[in-house]
Amino acid sequence: MTLYYILLAVQIFAIFFGIFGLVTLFSSMLRPEAKFLLGASICTIIFGVGYCMEMVARSLEAAFLSLCVEYLGLAYIGLFFAIYIEKISGAKKIPRIIWYLIVVYETITLLLHFSSRYHTVFYKSISYVNSGIYPHLEQEMTPWFHLFMVHIAVLVLYGAVNIVRAARRAPSKIRRTQLTRGCIIALFPLLAMVYSAVAGFSGYEPVSAVTLIAVGFFSIVRTAGKTTDPVELAYSESFSKAIAGIIILDSEHRYLDANDKARKIFPELDEYNTGEIFKKWDIFMDACRMNKRLRLYGRYYSTYFYELLADGKSIGFVLGAADVTIMENQVRELERLKVMAEEASEAKTTFLANMSHEMRTPLNAIIGLSELAQREDSLPMIKEYLPMILNSGQMLLDIISDVLDFSKAEAGKVDIVPVQYDIKEVLSTAINMANIRIGEKNIDFIVDVDPKLPRNLIGDDARIRQIIVNFLTNAVKYTDRGFIRFSVDREDKGDNKVDLIIKVTDSGRGIREEDIDKLFTNFSRVDIKNNRNIQGTGLGLAICGRLIKLMNGDYTVESNYGKGSVFTCTIPQEAVGDATISAHQREELHVERNTPFVFDRMDIVGEDGQNKAESEDDILKRCDVLRMLIVDDNVINIKVLTSMLKLHNIVPDSVTSGKDAVEKLEKQQYDVIFMDHMMPEMDGIEATERIRKLDVPWANDVIIIACTANAIKGMDVVFKESGMDEYICKPIKVEALNKMLIKCLELKGLKELKD
Ligand code: ADP
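Residues numbered from 1 in each chain as written. Predicted model: local features only at pLDDT ≥ 70, side-chain atom pairs only at ≥ 80, totals over all residues. Heavy atoms only, no water.

Student: Would you mind going over the state of the cysteines with me for this structure?
Tutor: Each disulfide is one covalent bond, formed between the sulfur atoms of two cysteines. With the rule as written, the count across this model stands at 0 disulfides. In this structure cysteine 544 is not part of a disulfide, and its nearest cysteine sulfur, from cysteine 569, lies 8.0 Å away. Lacking any disulfide linkage, cysteine 744 is separated from the closest cysteine sulfur, that of cysteine 623, by 7.6 Å. You can call cysteine 744 buried: its relative accessible area is 1%. (Disulfide = S-S within 2.5 Å. Buried < 20%, exposed > 50% of the residue type's maximum accessible area, 1.4 Å probe, protein only.)

In structure tokens form, the structure reads like this:
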């Protein structure tokens with residue numbers, strides 16, 4: 001008999017051990033809360049199996065044993081169910097101690113039940129009756145029994161209430177429906193319990209069957225919902241489809257698993273077998289610990305890691321890496337822009353200070369010298385002051401022109417106007433200017449022009465001259481002794497296209513390597529300490545750089561600090577005809593100190609041997625027949641222009657407003673009007689429009705030339721539209737005026753050239 005009990009105990013132990021093993025297996029695969037649902041299901045099955053055994057038992061002994069099996073399940077069903085629902089519903093948690101107390105209470109009740117044959121705490125009496133649908137046990141219950149049943153009902157009710165609460169808060173409709181169904185299912189076993197307690201079923205108790213079916217339904221609903229519930233789906237896919245790369249390692253840093261993104265970040269993971277040491281552990285940890293971006297294969301990652309702990313022991317690591325390359329690049333770009341903005345702002349401040357100083361110097365000279373001249377009685381002395389005043393005025397004008405040019409370039413209002421021009425004229429002016437500037441300096445000026453350079457080109461000659469003059473002026477400014485070498489080469493590009501290669505080499509102060517990049521940027525004067533005594537705004541090269549780029553050219557600077565610099569620019573032009581610069585320019589031309597270098601007189605003679613300079617003078621002599629009117633609200637401007645015209649024996653009339661001009665034209669015929677653009681009341685544009693509408697025969701014949709200080713892009717169109725024929729920039733220079741007068745003669749058909 002003892003052996004029988006031992007074997008029975010072994011058998012029961014084996015069953016429980018098997019169940020325990022199964023629960024452990026499933027627990028490792030399921031989310032933590034699902035363990036409780038598993039527990040509730042197993043208890044329900046035990047409860048059902050026990051009841052089934054009771055139904056087939058044919059003796060009191062057998063029936064009681066079955067009842068014990070039943071209670072083994074029944075005792076814990078409510079507990080597992082309530083905990084499970086509490087966990088998934090996010091309800092306020094009941095303190096753990098209460099759960100432990102319930103477990104103790106249920107276990108005591110279970111033991112009381114097992115031993116109920118020997119006492120009357122649980123049942124007052126227990127008997128086996130052969131009545132009803134089938135022979136069964138009949139018990140007389142004690143308060144303990146009723147308390148136990150009520151406690152199960154309370155647990156199930158607690159679960160049902162939590163389900164209802166969760167359903168109300170559920171983020172999706174699907175989840176709400178699921179939970180509501182769960183709540184209804186949970187209520188069925190309760191109803192069955194109430195029904196058994198109140199009515200009975202001739203010995204049959206439906207609670208276990210109803211509970212089993214309810215649990216079955218509950219599981220099916222949950223499983224079926226898994227594919228459609230977005231929350232569940234998100235849980236299951238958040239690892240595989242995470243934006244961040246996730247790698248799972250064991251506590252020894254051995255590779256276990258990784259998601260798709262991690263495989264993209266660490267392509268070598270494809271070669272890893274489970275259990276291999278993860279080799280990037282060190283760099284990964286360094287990045288994490290130093291809170292630095294991890295840089296891999298040209299991309300940046302923000303990293304994190306955490307240790308997986310089970311019962312306080314490390315069982316592995318989760319490593320995460322999120323691609324932040326775009327953000328990192330943006331941050332770097334912003335930092336770069338910030339530095340640039342700070343530099344630009346500093347440069348502007350220095351520039352303003354510099355500019356005011358630069359402008360004050362010639363202005364002081366002009367004012368001072370003018371005052372001296374005013375007080376002076378002797379004509380020779382006054383004449384001595386005049387060139388100095390002129391020189392200072394020119395300096396001031398250069399500075400203002402630079403600022404104007406620069407602001408036009410900044411506003412994108414610089415026009416490149418391609419015309420046919422003679423390169424020799426451009427070079428002659430630039431070389432002569434440089435030579436004059438060299439003046440007393442101990443510098444050899446060497447000019448080397450490619451003899452095959454096409455003479456006639458199409459391009460913006462004025463801008464090319466400006467660039468050359470700037471390079472040469474700088475060379476003169478920053479070279480105290482030695483040489484300046486100016487060379488012009490060409491590179492044929494086929495189809496009449498040719499690259500002009502302009503190079504200015506000097507043996508001057510040179511530029512520090514770190515300053516070279518700053519040269520073509522706005523307002524940057526470099527090496528200020530050493531160049532303080534030299535006039536400059538730091539705008540010249542910035543303007544040149546923009547002009548070269550606008551002409552689709554390029555530039556380079558090489559320099560050896562203290563030894564000299566080489567400024568090179570390449571500008572594409574179009575060649576016209578086969579004429580080249582004269583052959584005797586082949587040899588390098590050393591220009592003697594203080595001897596202005598000029599091209600051979602013959603070289604500036606036209607292809608047909610006609611001397612252009614002479615022709616121009618001759619043509620200009622014919623201007624005196626033209627009747628001219630100057631319209632300007634500034635009398636000094638009228639005086640200056642009148643004096644310039646007097647050089648050609650022209651005696652112009654003048655008025656000081658647009659309105660007076662219109663009235664004058666009503667009465668008198670003129671051939672040419674110099675019309676100021678900006679005038680109070682009626683500006684030049686309106687005056688022109690009115691003149692063109694006058695009912696006099698000369699209204700349309702008179703040539704109207706806009707005089708403007710505002711020669712920005714697009715103004716020529718405005719002038720043309722208003723009826724003006726030409727425009728000339730203020731301050732008007734004699735050379736430009738002469739060209740304009742020749743144009744007027746052409747328009748009037750008075751230019752009789754032999755060509
Ligand atoms: P700036 O009016 O000051 O000469 P630029 O824009 O023409 O303005 O030149 C900018 C700076 O570049 C100058 O201030 C000077 O420091 C440097 N630089 C230009 N050309 C030369 C050169 N040939 N040799 C040495 N430094 C030069």
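Student: Could you clarify how one ought to interpret the environment of methionine 388 in this entry?
Tutor: If you trace the backbone, methionine 388 turns up in helix H12 (residues 379–410). Methionine 388 sits in the partly exposed class, given a relative accessible area of 38%. (Helix = DSSP H or I, 4+ residues; strand = E, 2+ residues; numbered from the N terminus.)

Student: Teacher, can you tell me more about the packing of aromatic side chains here?
Tutor: In this description, an aromatic ring pair is defined by two values, namely the gap between the centres and the angle between the planes. Tallied over the full model, the rule gives 18 aromatic pairs. Through pairs of rings, three or more aromatic residues link up here, namely Tyr71, Tyr105, Phe122, Tyr123, Trp144, Phe145 and Phe148. We note arginine 117 situated over the ring of phenylalanine 64; from NZ or CZ to the ring centre the distance is 5.6 Å. Above the ring of tyrosine 555, the side-chain terminus of lysine 549 is found at 5.4 Å from the ring centroid. (Phe/Tyr/Trp six-rings, centres within 6.5 Å; stacked < 30°, edge-to-face > 60°. Lys NZ or Arg CZ within 6 Å of the ring centre and 35° of its normal.)

Student: Explanation requested: the sheet that holds strand S3 (residues 245–250) in the structure shown.
Tutor: Picture the strands of a sheet paired through backbone hydrogen bonds; they go either parallel or antiparallel. An order of S4-S3-S7-S6-S5 is seen for the 5 strands of this open sheet, with the pairing classed as antiparallel. For this open sheet the edge positions go to strand S4 (255–258) and strand S5 (294–296), each flanked by a neighbour on one side alone. Here the average twist between neighbouring strands, direction ignored, is 30 degrees. Where strand S6 (residues 299–310) and strand S7 (residues 313–323) come together, 10 bridges link them in antiparallel fashion. Of the residues in S7, the one forming a bridge with glutamate 307 is phenylalanine 317. Against the sheet, helix H10 (residues 281–289) engages S3, S5, S6 and S7, with an angle of about 95 degrees to S6. (Pairing = 2+ DSSP bridges. Axes fitted to C-alpha atoms, helices over the stretch in contact; angles between N-to-C directions. Contact = heavy atoms within 4.5 Å.)

Student: I tried to follow the side chain of glutamate 70 on my own but got confused; where do I start?
Tutor: Summarising the element assignment, glutamate 70 is placed in helix H3 (residues 60–89). In this structure glutamate 70 is buried but unpaired, with arginine 58 as the nearest side chain of opposite charge at 12 Å. (Lys, Arg positive; Asp, Glu negative; His and termini not counted. Salt bridge = Lys/Arg side-chain N within 4 Å of Asp/Glu carboxyl O.)

Student: In this structure, what is going on with a nonpolar patch on the surface? I would like to understand it.
Tutor: Taken together, the side chains of Ile45, Val49, Met53, Val56, Leu212, Ile213 and Phe217 make up a nonpolar region of the molecular surface, amounting to roughly 630 Å² of accessible area. At the level of elements, helix H2 (34–56) and helix H7 (207–226) are the ones that each hand at least two residues to the nonpolar patch. It is H2 that provides the largest number of residues to the nonpolar patch, a total of 4 residues. Checked against the element boundaries, valine 49 lands in helix H2. We classify valine 49 as partly exposed; its relative accessible area is 42%. (Patch = residues over 30% accessible without salt bridge, like charges linked within 9 Å, V, L, I, M, F, W, Y side chains within 5 Å. Areas by Shrake-Rupley, 256 points an atom, 1.4 Å probe, with all protein chains shown as cover.)

Student: Would you take a moment to explain the environment of leucine 249 for this structure?
Tutor: If you trace the backbone, leucine 249 turns up in strand S3. Residue leucine 249 is classed as buried on the basis of its relative accessible area of 0%. Distance in space between the C-alpha atoms of leucine 249 and glycine 316 is 5.4 Å, their sequence separation being 67 residues. Setting aside residues no more than four positions away along its own chain, leucine 249 makes contact with Arg254, Tyr255, Leu256, Phe278, Trp281, Ile315, Gly316, Phe317 and Leu319.

Student: What exactly am I supposed to notice about helix H23 (residues 734–747) here?
Tutor: Within an α-helix, residues lying three or four positions from one another point in the same direction, as the helix has 3.6 residues per turn. End to end, H23 covers 20 Å across 14 residues, agreeing with the expected 20 Å (1.5 Å per residue, within 8%). Along H23, the residues that are buried comprise Leu737, Asn738, Met740, Leu741, Ile742, Cys744 and Leu745. A positive backbone phi angle near 75 degrees is found at glycine 749, which sits one or two residues after H23. (Expected span 1.5 Å × (residues − 1).)

Student: Would you explain the confidence of the model for the chain in this entry?
Tutor: Reading fine detail from the predicted coordinates is not recommended where pLDDT is low. Overall, the prediction assigns the chain a mean pLDDT of 82, with 88% of residues at 70 or greater. Low confidence marks residues 583–614, where pLDDT is under 50. Its contacts with residues over four positions away, or in another chain, come to 55 contacts. (pLDDT = per-residue confidence, 0-100.)

Student: How should the packing of H12 against helix H17 (residues 540–550) be read in this particular structure?
Tutor: Any two packed helices are characterised by the angle at which their axes cross and by the distance between the axes. Running from N to C, H12 and H17 point in directions that differ by 40 degrees, and their axes come no closer than 10 Å. Accordingly, the angle class assigned to the pair H12 and H17 is oblique. Crossing geometry of H12 relative to H17 is assigned as left-handed. Contact residues: Asp402, Asp405, Phe406, Ala409 and Glu410 in H12; Gly540, Ala542, Ile543 and Arg546 in H17. The residue makeup of the contact of H12 with H17, split by class, is 4 nonpolar, 1 polar and 4 charged. (Parallel < 35°, antiparallel > 145°, perpendicular 65-115°, else oblique. Left-handed = near helix turned anticlockwise from the far one by under 90°. Nonpolar A, V, L, I, M, F, W, Y, C, P; charged D, E, K, R; others polar.)

Student: Would you take a moment to explain the nonpolar core for this structure?
Tutor: It is characteristic of soluble globular proteins that their nonpolar side chains tend to be buried jointly. Ranked by internal contacts, the top residues of the largest apolar core, which has 53 residues, are Leu427 and Phe486. A per-element tally of this core places helix H14 (residues 461–477) first, with 8 residues. Leu137, Phe145, Val156 and Ile163 belong to the second-largest nonpolar core, a separate cluster that totals 51 residues. (Core = buried A, V, L, I, M, F, W, Y, C linked by side-chain atoms within 4.5 Å.)

Student: Explain the environment of glutamate 689 here, please?
Tutor: Mapping glutamate 689 onto the fold places it in helix H21 (residues 684–693). On the basis of relative accessible area, glutamate 689 is assigned to the partly exposed category, the value being 34%. When the C-alpha atoms of glutamate 689 and serine 722 are compared, they prove to be 5.6 Å apart, with 33 residues separating the residues in sequence.

Student: I tried to follow the pattern of salt bridges on my own but got confused; where do I start?
Tutor: Close approach of charged atoms allows side chains with opposite charge to pair. One pass over the structure, following the stated rule, counts 25 salt bridges. Arginine 336 is the partner of glutamate 333 in a salt bridge, and the nearest nitrogen-oxygen pair spans 3.0 Å. Here glutamate 333 pairs with arginine 336, and both are found in helix H11 (residues 325–375), just 3 residues apart, close to one helical turn. For arginine 336, a relative accessible area of 43% translates into the label partly exposed. Where aspartate 515 meets lysine 518, a salt bridge forms, and the shortest distance between an N and an O atom there is 3.2 Å. Residue aspartate 515 is classed as buried on the basis of its relative accessible area, which comes to 8%. By relative accessible area, lysine 518 is classed as partly exposed at 41%. Because the salt bridges share partners, they merge into one network encompassing Asp257, Arg263 and Asp270.

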